[in-house]
There are 4 protein chains.
Amino acid sequence: MANIVVVFHSGYGHTQRVAQAVADSAGAQLLAIDADGNLPEGGWELLASADMIVFGSPTYMGGVSWQFKKFADASSKVWYTQGWKDKLFAGFTNSATMNGDKVTTMTYLWTLAMQHGGIWVSMGILPTNNKAATRDSMNYMGGYGGLLTQSPSDASSAEIPKGDLDTARAFGERIGAVARSRE
Amino acid sequence: MANIVVVFHSGYGHTQRVAQAVADSAGAQLLAIDADGNLPEGGWELLASADMIVFGSPTYMGGVSWQFKKFADASSKVWYTQGWKDKLFAGFTNSATMNGDKVTTMTYLWTLAMQHGGIWVSMGILPTNNKAATRDSMNYMGGYGGLLTQSPSDASSAEIPKGDLDTARAFGERIGAVARSRE
Amino acid sequence: MANIVVVFHSGYGHTQRVAQAVADSAGAQLLAIDADGNLPEGGWELLASADMIVFGSPTYMGGVSWQFKKFADASSKVWYTQGWKDKLFAGFTNSATMNGDKVTTMTYLWTLAMQHGGIWVSMGILPTNNKAATRDSMNYMGGYGGLLTQSPSDASSAEIPKGDLDTARAFGERIGAVARSRE
Amino acid sequence: MANIVVVFHSGYGHTQRVAQAVADSAGAQLLAIDADGNLPEGGWELLASADMIVFGSPTYMGGVSWQFKKFADASSKVWYTQGWKDKLFAGFTNSATMNGDKVTTMTYLWTLAMQHGGIWVSMGILPTNNKAATRDSMNYMGGYGGLLTQSPSDASSAEIPKGDLDTARAFGERIGAVARSRE
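Remember, predicted model here, so these are calculated numbers, not experimental data.

Quick notes on the rules
Residues numbered from 1 in each chain as written. Chains lettered and ligands numbered in written order. Predicted model: local features only at pLDDT ≥ 70, side-chain atom pairs only at ≥ 80, totals over all residues. Heavy atoms only, no water. Salt bridge = Lys/Arg side-chain N within 4 Å of Asp/Glu carboxyl O. Helix = DSSP H or I, 4+ residues; strand = E, 2+ residues; numbered from the N terminus. Buried < 20%, exposed > 50% of the residue type's maximum accessible area, 1.4 Å probe, protein only. Least-squares fit on C-alpha atoms with pLDDT ≥ 70 in both. Contact = heavy atoms within 4.5 Å. Buried area = accessible area lost by both parts, 1.4 Å probe. Polar contact = N/O pair within 3.5 Å; in protein donor to acceptor, adjacent residues only side chain to side chain. Nonpolar A, V, L, I, M, F, W, Y, C, P; charged D, E, K, R; others polar. Axes fitted to C-alpha atoms, helices over the stretch in contact; angles between N-to-C directions. Parallel < 35°, antiparallel > 145°, perpendicular 65-115°, else oblique. Phe/Tyr/Trp six-rings, centres within 6.5 Å; stacked < 30°, edge-to-face > 60°. Lys NZ or Arg CZ within 6 Å of the ring centre and 35° of its normal. Pairing = 2+ DSSP bridges.

### Describing the pattern of salt bridges
Tallying each qualifying case throughout the model produces 24 salt bridges over all chains. Note that Arg174(A) is salt-bridged to Asp86(D), the shortest N-O span being 2.8 Å. Of this pair, Arg174(A) sits in helix H6 (residues 162-181) while Asp86(D) sits in the loop between helix H4 (76-80) and strand E5 (88-95), which puts the two residues in different chains. The buried category is assigned to Arg174(A), whose relative accessible area is 8%. For the salt bridge of Glu159(D) with Lys131(C), the shortest nitrogen-to-oxygen distance reads 2.8 Å. Here Glu159(D) is found in the loop between strand E7 (147-150) and helix H6 (162-181), whereas its partner Lys131(C) is found in the loop between strand E6 (119-121) and strand E7 (147-150) on a different chain.

### Topic: the relation of the copies chain C and chain A
Rotating chain C by 180 degrees about the axis while translating it 0.0 Å along that axis superimposes it on chain A, leaving an RMSD of 0.0 Å. Taken together, the rotation angle and the small translation identify this as a two-fold axis. Closest to the rotation axis within chain C is the C-alpha of Trp66(C), separated from it by 2.6 Å.

### Considerations on the interface of chain C and chain A
Between chain C and chain A, the residue contacts involve 22 residues of the former and 22 residues of the latter. Summed over both sides, the interface of chain C with chain A buries roughly 1700 Å², with 64% coming from carbon and sulfur. Taken together, the connections running from chain C to chain A amount to 0 salt bridges. Seen at the junction of chain C and chain A, the total is 10 residue pairs in polar contact (both at pLDDT 80 or more). Per-class residue counts for the side of chain C that touches chain A are 8 nonpolar, 10 polar and 4 charged.

### Here's the deal with the packing of helix H3 (residues 66-74) of chain B against helix H3 (residues 66-74) of chain D
Between H3(B) and H3(D), whose axes approach to 8 Å, the crossing angle comes to 175 degrees. Our classification of the angle between H3(B) and H3(D) gives roughly antiparallel. The residues of H3(D) that touch H3(B), namely those facing Trp66(B), Lys69(B), Lys70(B) and Asp73(B), are Trp66(D), Lys69(D), Lys70(D) and Asp73(D). Here the residues of the contact of H3(B) with H3(D) are counted per class, giving 2 nonpolar, no polar and 6 charged.

### Digging into unusual backbone geometry
Residues and elements named next belong to chain B. Phi is positive for Met61, which is not a glycine, with a value near 50 degrees. By secondary structure assignment, the location of Met61 is in the loop between strand E3 (52-60) and strand E4 (63-64). Owing to a relative accessible area of 7%, Met61 belongs among the buried residues under this scheme.

### Observations concerning the relation of the copies chain D and chain C
Relative to chain C, chain D is turned by 180 degrees and slid 0.0 Å along the rotation axis, the superposed coordinates differing by an RMSD of 0.0 Å. An overlap of 100% is found between the interface residues of chain D and their copies at the interface of chain C, pointing to a shared contact surface.

### A word on the interface of chain D and chain C
Between chain D and chain C, the residue contacts involve 23 residues of the former and 23 residues of the latter. Of the roughly 2100 Å² buried between chain D and chain C, counting both surfaces, carbon and sulfur atoms make up 49%. When the buried area of chain D at its contact with chain C is split by residue, Asn99(D), Asn129(D) and Lys131(D) rank highest and sum to 30% of it. Applying the counting rule to chain D against chain C returns 2 salt bridges. Take the side of chain D that touches chain C: its biggest share by element is 3 residues, from helix H5 (residues 102-115) of chain D. The class makeup of the residues in the side of chain D that touches chain C is 10 nonpolar, 8 polar and 5 charged.

### Focus: the packing of helix H5 (residues 102-115) of chain B against helix H5 (residues 102-115) of chain C
For any two helices packed against each other, one specifies the inter-axial angle together with the distance between the axes. Relative to each other, H5(B) and H5(C) sit at 100 degrees, their axes nearing to 12 Å. Between H5(B) and H5(C), the crossing angle belongs to the class labelled roughly perpendicular. Listed contacts from H5(C) to Met106(B), Thr107(B) and Trp110(B) of H5(B) are Met106(C), Thr107(C) and Trp110(C). Split by residue class, the contact of H5(B) with H5(C) holds 4 nonpolar, 2 polar and no charged.

### A word on the packing of aromatic side chains
Enumeration over the complete set of coordinates arrives at 44 aromatic pairs over all chains. Between Trp44(B) and Trp84(B), the ring centres sit 6.2 Å apart and the planes meet at 20 degrees, which makes this aromatic pair stacked. Of this pair, Trp44(B) sits in helix H2 (residues 43-48) while Trp84(B) sits in the loop between helix H4 (76-80) and strand E5 (88-95); the two residues are 40 residues apart in sequence, bridging distant segments of the chain. For Trp84(B), a relative accessible area of 1% gives the class buried. With centroids separated by 5.4 Å and ring planes inclined at 25 degrees, the aromatic side chains of Trp44(C) and Phe71(C) adopt a geometry described as stacked. Of this pair, Trp44(C) sits in helix H2 (residues 43-48) while Phe71(C) sits in helix H3 (residues 66-74), placing them 27 residues apart in sequence. The rings of Trp44(A), Phe55(A), Phe68(A), Phe71(A), Trp84(A) and Phe89(A) are connected pair by pair, giving a single aromatic cluster. The cationic tip of Lys70(A) hangs over the ring face of Trp66(C); the distance from NZ or CZ to the ring centre is 4.8 Å.

### Thoughts on the environment of Gly83(B)
Relative to the helices and strands, Gly83(B) resides in the loop between H4 and E5. Between the C-alpha atom of Gly83(B) and that of Asp34(B), which follows or precedes it by 49 residues, the distance is 23 Å.

### Concerning H3(C)
The element H3(C) is largely enclosed, with a buried count of 8 among its 9 residues. Of all the residues in H3(C), the buried ones are Trp66(C), Gln67(C), Phe68(C), Lys69(C), Lys70(C), Phe71(C), Ala72(C) and Asp73(C).

### Observations concerning the pairing of strand E7 (residues 147-150) of chain B
All names here are of chain B. Side chains Leu147 and Thr149 of E7 all project onto a buried face; the interleaved residues Leu148 and Gln150 project onto the opposite face, where all are buried too. Here E5 pairs with E7 via 4 bridges, running parallel. Paired with Thr93 across the two strands is Leu148, which belongs to E7.

### Quick notes on the pairing of strand E3 (residues 52-60) of chain A
Residue and element names in this part refer to chain A. Most of E3 sits out of view: 8 of its 9 residues are buried. With 5 bridges connecting them, strand E1 (residues 4-9) and E3 associate as parallel partners. Each residue of the ladder has a partner; that of Ile4, found in E3, is Met52. Two elements, E3 and strand E5 (residues 88-95), share 7 bridges in a ladder whose sense is parallel. Counted as the bridge partner of Ser57 is Thr93 from E5. Strand direction decides the pairing type here: E3 and strand E4 (residues 63-64), joined by 2 bridges, are antiparallel.

### Details of the side chain of Asp73(B)
In this structure, Asp73(B) sits in helix H3. With relative accessibility at 12%, the residue Asp73(B) sits in the buried group. Ignoring any residue separated from it by four or fewer positions in sequence, one finds Asp73(B) in contact with Tyr60(D), Met61(D), Val64(D), Ser65(D) and Trp66(D).

The structure is reproduced here in structure tokens:
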């Protein structure tokens with residue numbers, strides 16, 4: 001069984017709900033970055049033992065949250081020895097706006113994985129983009145580098161569109177399958 | 001009166017329709033890159049005389065169309081002498097997918113303007129991203145670096161969502177006002 | 001006299017020295033983000049009164065430092081009312097590696113300015129990239145979107161290459177001139 | 001034996017020389033995009049049969065050459081059926097300037113691989129960035145997402161720095177090893 005860890009920060013619960021959906025279908029463990037940008041005890045050891053690390057962050061002001069970035073900066077200790085080299089990586093981000101620079105966040109998550117000498121797994125599910133498409137269609141948001149989800153600025157985490165959660169589950173299945181294929 | 005030129009490539013007419021909406025409200029001239037990636041006679045002179053250059057391209061395979069890129073590569077002759085230095089620039093892109101790497105295209109349009117020593121004008125219109133938002137809301141697509149529009153893969157150019165065309169007109173007004181404020 | 005503010009974070013003094021060089025030649029005030037990612041008292045008011053805001057950050061792990069990102073996230077209060085709309089923006093970043101994803105940081109600084117409805121000023125100085133170029137040539141690092149500087153991982157802030165500091169001063173002059181031209 | 005194809009465009013021979021170095025050490029076949037942006041006969045079939053596709057392009061005006069982009073746009077036929085899904089991908093770019101937006105090109109090569117549902121392999125070799133570093137040090141250019149090389153604007157392809165060619169060979173070995181580890 002591949003050891004997959006979803007390490008994420010969530011400010012208001014939306015990204016956490018997406019993280020849960022991804023982890024459930026990937027067969028992954030969740031590892032939450034707290035409100036001060038720190039990992040719980042044992043967090044770095046869990047990441048060291050992972051075959052695949054999945055990064056998750058809201059998109060705030062066009063990039064990852066500062067708490068996620070504090071985690072990324074702290075990972076420089078691992079970077080010096082390239083401790084995560086050749087691990088698999090993937091990513092997801094949630095924000096209130098349809099585009100709203102989510103792709104910039106995704107590019108950053110890839111950049112971080114590249115600094116660590118990693119191997120990045122794509123979304124791997126074509127967007128639904130024809131006239132028959134609805135907000136609940138598979139990958140309606142149209143992510144390629146990773147999973148993009150959206151929930152309105154005044155929506156609670158309970159109101160994330162069903163299609164985005166279905167897409168999150170399909171993404172989890174896809175990355176879990178890639179991780180297992182390399183064992 | 002500020003001299004504004006919208007230089008664009010359109011493969012199937014969608015980007016042309018957006019270009020027209022932007023140009024109409026900005027008080028700009030249209031300059032079409034043809035199917036071989038070339039400008040019409042007098043095109044380079046028109047750009048040389050512009051106060052503001054607005055770049056428009058569809059997003060194909062995660063970036064500008066090759067025809068637009070051929071224009072960009074040909075602009076290296078201007079780059080050598082920094083002939084467009086300190087001009088104002090702005091940009092827009094259209095594709096079939098909600099995100100679909102449109103932001104990567106926008107980042108490229110900015111990069112091209114930066115190579116030319118330019119000054120880049122943002123979208124400047126907040127996205128509509130609450131629960132009351134509809135596909136026809138102002139800047140529903142949520143562009144910041146420039147204008148993002150979307151029309152389904154099986155939609156003709158006549159079927160671009162009304163909200164996106166309204167947003168294109170508002171973007172044209174905004175960049176036209178910035179151009180005139182510098183005279 | 002244009003009111004220019006250089007808001008920056010520096011972890012080990014290198015970015016601070018570059019910030020000082022930029023500010024001196026631009027005629028700008030310095031505003032330091034502290035080690036906890038906070039501004040000093042009066043910092044937000046200073047930014048509100050600026051005609052041009054210049055962002056500066058080291059590149060850590062492929063992006064701005066978490067302290068700079070905490071500042072960016074805190075600027076969401078200004079974003080809601082687009083309080084910085086139509087201000088001029090520019091940026092710079094320093095890191096130990098020649099490339100090392102400095103361009104990703106610069107793209108983020110632009111993205112942040114775009115979220116705020118700003119107008120972004122390019123480097124505007126061609127790189128020196130022929131065989132006669134030395135490490136001390138003007139814009140040897142080859143930034144376009146903004147100023148890129150580099151100092152080796154074991155170099156103190158006193159050892160930033162002279163050419164990079166000269167380039168920083170030329171960049172300060174350029175952005176200062178653009179700011180004054182709009183008054 | 002893993003089937004690796006290096007598909008590249010070279011305008012003046014520099015990128016071709018880097019492509020050769022990468023291919024030699026990776027055990028890969030070379031596939032050149034011609035001056036009109038087309039593949040030779042059998043090119044698409046060769047790519048279809050590959051386990052790993054390596055993209056190579058010069059950086060012109062902040063992005064891939066238009067000829068490379070024409071190839072990318074033509075790959076949309078493969079994209080519709082996701083014919084390259086789950087293949088391994090990697091990339092490299094050469095230009096005359098130290099930074100000069102090479103990272104933007106690399107980000108585009110990754111974006112293209114993501115559109116195709118691929119799996120992206122990083123540079124995987126730490127940069128040399130201390131005071132003892134010379135232009136001939138391993139990964140002096142400091143690429144992470146892929147291989148970055150530089151040769152002065154007035155240098156022939158015979159004058160690419162030795163360190164960059166050594167780095168190209170090390171990159172070829174690294175990606176070849178990753179490709180073989182998945183068989």
